[in-house]
Amino acid sequence: YVGFGKGVVSNWLGRVLLARGQARAAIGAFDQVPAEDPNEYAAAQLWEGVAMSALGMQDLATRTWSRVREDVGGRVGPRGKALVHSADFLSGAIAEKEFRTALSSSPEFENDMYFFLGWASRADAGAAQALFREAMQASRGRAPVDSR
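All values reported here derive from a predicted model rather than from experimental measurement.

Details of the overall build of the protein
Within the protein, the regular secondary structure consists of 8 helices and 0 strands. Ordered by position from the N terminus, the helices and strands of the protein form the series α-α-α-α-α-α-α-α. For 148 residues, the compact-globule estimate of 2.2 N^0.38 gives 15 Å, and the C-alpha radius of gyration of the protein, at 14 Å, lies within 12% of that figure. Dimensions of the protein along its principal axes, counting C-alpha atoms only, are 40 × 30 × 30 Å. Taken as a whole, the protein presents about 7,900 Å² of accessible surface, with 53% of it coming from carbon and sulfur.

Considerations on the nonpolar core
Grouped together as the largest cluster of nonpolar side chains are 40 residues, with contacts concentrated most on Trp 65 and Phe 99. Of all the secondary structure elements, the ones that give two or more residues to this core are α1 (6–19), α2 (23–30), α3 (38–54), α4 (58–72), α5 (78–91), α6 (96–104), α7 (110–120) and α8 (125–139). Looking at this core, the element that brings in the most residues is α3, giving 9 residues. Not counting chain neighbours up to four residues away, the residues in contact with Phe 99 comprise His 85, Ser 86, Phe 89, Ile 94, Met 113, Phe 116 and Leu 117.

Thoughts on α5
If you check α5, its first and last C-alpha atoms are 20 Å apart, about what 14 residues at 1.5 Å a residue would give, namely 20 Å. Counted residue by residue, α5 has 11 buried out of 14 residues, so it is predominantly covered. Listed in full, the buried residues belonging to α5 are Arg 79, Gly 80, Ala 82, Leu 83, Val 84, Ser 86, Ala 87, Asp 88, Phe 89, Leu 90 and Ser 91. Looking at the buried side of α5, the elements it contacts are α1, α3, α4, α6 and α7.

Regarding the pattern of salt bridges
Throughout the structure, instances matching the rule amount to 3 salt bridges. The shortest N-O distance in the salt bridge between Arg 79 and Glu 40 comes to 3.4 Å. Linking Arg 79 in helix α5 with Glu 40 in helix α3, this pair joins segments that are 39 residues apart in sequence. Judged by its relative accessible area of 5%, Glu 40 falls in the buried class.

Some points on the packing of α2 against α3
Remark: α2 packs on α3, axes separated minimally by 9 Å, with the N-to-C direction vectors making an angle of 160 degrees. Judged by the angle between their axes, α2 and α3 are roughly antiparallel. α3 is crossed by α2, and the crossing has left-handed handedness. Residues Ala 23, Ile 27 and Phe 30 of α2 pack against Ala 44, Trp 47, Glu 48, Ala 51 and Met 52 of α3. Residue composition of the contact of α2 with α3, by class: 7 nonpolar, no polar and 1 charged.

Concerning the environment of Ala 26
Relative to the elements of secondary structure, Ala 26 occurs in helix α2. Put simply, Ala 26 and Ala 82 are 56 residues apart on the chain and 21 Å apart in space, counted from C-alpha to C-alpha. Not counting the four nearest positions on each side in its chain, Ala 26 is found in contact with Gly 14, Leu 17 and Leu 18.

Rules used throughout
Residues numbered from 1 in each chain as written. Predicted model: local features only at pLDDT ≥ 70, side-chain atom pairs only at ≥ 80, totals over all residues. Heavy atoms only, no water. Helix = DSSP H or I, 4+ residues; strand = E, 2+ residues; numbered from the N terminus. Rg over C-alpha atoms; globule rule 2.2 N^0.38 Å. Areas by Shrake-Rupley, 256 points an atom, 1.4 Å probe, with all protein chains shown as cover. Core = buried A, V, L, I, M, F, W, Y, C linked by side-chain atoms within 4.5 Å. Buried < 20%, exposed > 50% of the residue type's maximum accessible area, 1.4 Å probe, protein only. Contact = heavy atoms within 4.5 Å. Expected span 1.5 Å × (residues − 1). Salt bridge = Lys/Arg side-chain N within 4 Å of Asp/Glu carboxyl O. Axes fitted to C-alpha atoms, helices over the stretch in contact; angles between N-to-C directions. Parallel < 35°, antiparallel > 145°, perpendicular 65-115°, else oblique. Left-handed = near helix turned anticlockwise from the far one by under 90°. Nonpolar A, V, L, I, M, F, W, Y, C, P; charged D, E, K, R; others polar.

Structure below.
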């Protein structure tokens, strides 16, 4: 466990920038997360792919998500496993049913599951909105997940 270091801070900064609509700057922050911190690295690559996808760079996003399992898949903890499954789903390596099964066994990742299902469904605005609402509902009243 690396602790509250560069990876955590860079991920936090990247997600803040992404939430502000500054996807290119977010990518720069996510690039600062070292692979030596596998859980944070998995998070950074997952969200970097989201930022790339938001910028219309879907092929690059898919390649980024596809590499997560190979880069850190065997070195992650429980949170990292959920991140790897999310990257697998977004890259098309696993189907929705397998993704739901993998994350449904851990209720603390339910909001992430619905968010990424919504992200993958965004071509269908109604379906995406319903999934995003599910993500928000799943987040209410939950304590933050330990990053280890």
